[in-house]
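Chain by chain, the residues run as shown.
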Amino acid sequence: MLSISVHAQRGVRIAYIDTEYILENVPEYQEAMSQLDDKAQKWKNEIQGKLSEIAQKRKDLSNEKVLLTNELIEEREEDIMFEEKEILDYQQKRFGPNGDLMIQQKQLMQPIQDQIFAAVQDMAESRKYDFIFDKSADVVMLYSAERFDISDQVLRAITRSSKRRQAQNKAQRKAAEEEETVPEINEEQEAREKALEEKKEARESAVEKRRQEILAAREAKKKEAEARRQKILEEREKAKQAKLEERNKTTASKTENEATKEETSKSTDTTTKTRAELIEENRKKKLAEREARKKELEERKRKILEERKKALEEKQKVRDSINNSK
């Protein structure tokens, strides 16, 4: 009863801290976060570069589709999809819920959170606080008076603790920072990370093996298709050559026959007719042609005269009819 009465008389002691404010003022945390941000930016640039390459490959394929066969188009599309899946898996590995960025952030936050929790517990016990809230957590604080804020006190406690450790572990911490942004936490966590890394390596190995199998199968298909294409081209060339040879033989045979006939004709005419007879035949032929042209001209002239005569007669008839009507 006495204890309850004393508690009631002094009232409830309440305080709060701002974890974000504390973290912003811890130099080691800020330095590690800066290095982690540099890593994340490097990963982002790497992913963006690969995605840009994939986009360029899609654009090139779209421009070259009219020049490629369906098989080549499908192979190029498979390659692009495979590379895109790889970069998406890599992005998930780096920035996913269980990715490297989240793991290293947790590793980085855990020591500072432990220090904050230890400092808050010590302060609550030494100063008899009943409740200590975190302003940056999910607790809704509609109003908080600054006199209840003990963030600076917790920060000073963490700084003092850090300075005490600094003299003993300065060289070790420097070596650890050069090797890795976030130091290892404990053996159990190291074992978990090692198991996770082994799983990732096994998965990457399986993916690479599958990729090599796909590439080998694709290469075999490509070689088979090229062999079929070469065989078809050779058969077409053979058929073309056979046709040309047959055509050349036919042409040569015709030419030879015509030449034989012409030679035979010439030899026959030369043997049966003398030169004088040939001249006489040519003269008679020309005279006949001239006589035919003369007859043709006479016939044309006769027709013209008849047409003129008919025209004059028609005019005379017209005049006579006009005079009779008068």
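Further up the page is the structure itself.
Residues numbered from 1 in each chain as written. Predicted model: local features only at pLDDT ≥ 70, side-chain atom pairs only at ≥ 80, totals over all residues. Heavy atoms only, no water.

## Points about the nonpolar core
Point 1. Core analysis: the biggest nonpolar cluster contains 32 residues, and Ile-17, Ile-22, Tyr-29, Ile-116, Ile-150 and Val-154 have the highest contact counts within it.
Point 2. Going through the elements one at a time, strand 1 (14-17), helix 2 (19-24), helix 3 (27-64), helix 4 (70-95), helix 5 (100-127) and helix 6 (151-179) are the ones with two or more residues in this core. (Core = buried A, V, L, I, M, F, W, Y, C linked by side-chain atoms within 4.5 Å. Buried < 20%, exposed > 50% of the residue type's maximum accessible area, 1.4 Å probe, protein only. Helix = DSSP H or I, 4+ residues; strand = E, 2+ residues; numbered from the N terminus.)

## Observations regarding the packing of aromatic side chains
Aromatic ring pairs: the centre-centre distance and the angle between the two ring planes describe each pair.
Point 1. Counted under the stated rule, the structure contains 2 aromatic pairs.
Point 2. Plain terms: the ring middles of Trp-43 and Phe-95 are 6.1 Å apart, the flat faces sit at 75 degrees to each other, and that makes the pair edge-to-face. One end of the pair, Trp-43, is in helix 3; the other, Phe-95, is in helix 4, with 52 residues separating them in the sequence.
Point 3. For Trp-43, a relative accessible area of 8% translates into the label buried.
Point 4. When the ring centre of Tyr-129 is taken as origin, the NZ or CZ atom of Arg-13, which lies over that ring, is 4.9 Å away.
Point 5. Across the ring face of Tyr-90, the terminal group of Lys-50 is positioned such that the distance to the ring centre comes to 5.2 Å. (Phe/Tyr/Trp six-rings, centres within 6.5 Å; stacked < 30°, edge-to-face > 60°. Lys NZ or Arg CZ within 6 Å of the ring centre and 35° of its normal.)

## A short note on a positive patch on the surface
Point 1. Where like charges cluster on the molecular surface, the positive patch consists of Arg-13, Arg-127, Arg-156 and Arg-160.
Point 2. With respect to the helices and strands, the residue Arg-160 is situated in helix 6. (Patch = residues over 30% accessible without salt bridge, like charges linked within 9 Å, V, L, I, M, F, W, Y side chains within 5 Å. Areas by Shrake-Rupley, 256 points an atom, 1.4 Å probe, with all protein chains shown as cover. Salt bridge = Lys/Arg side-chain N within 4 Å of Asp/Glu carboxyl O. Lys, Arg positive; Asp, Glu negative; His and termini not counted. Charge placed at Lys NZ, Arg CZ, Asp CG, Glu CD.)

## A word on the side chain of Asp-100
Point 1. Locating Asp-100 in the fold gives a position in helix 5.
Point 2. A relative accessible area of 13% means that Asp-100 is categorised as buried.
Point 3. With sequence-adjacent residues up to four places away left out, Asp-100 is seen in contact with Trp-43, Lys-93, Arg-94 and Lys-200. (Contact = heavy atoms within 4.5 Å.)

## A few points about the packing of helix 3 against helix 5
Point 1. Axis separation between helix 3 and helix 5 bottoms out at 11 Å; the angle between their running directions is 180 degrees. With respect to their mutual orientation, helix 3 and helix 5 come out roughly antiparallel. Packed against helix 3, whose contacting residues are Tyr-29, Ala-32, Met-33, Leu-36, Lys-39, Ala-40 and Trp-43, the element helix 5 presents Asp-100, Leu-101, Gln-104, Gln-105, Leu-108, Met-109 and Ile-112 at the interface.
Point 2. Here the residues of the contact of helix 3 with helix 5 sort into 10 nonpolar, 2 polar and 2 charged. (Axes fitted to C-alpha atoms, helices over the stretch in contact; angles between N-to-C directions. Parallel < 35°, antiparallel > 145°, perpendicular 65-115°, else oblique. Nonpolar A, V, L, I, M, F, W, Y, C, P; charged D, E, K, R; others polar.)

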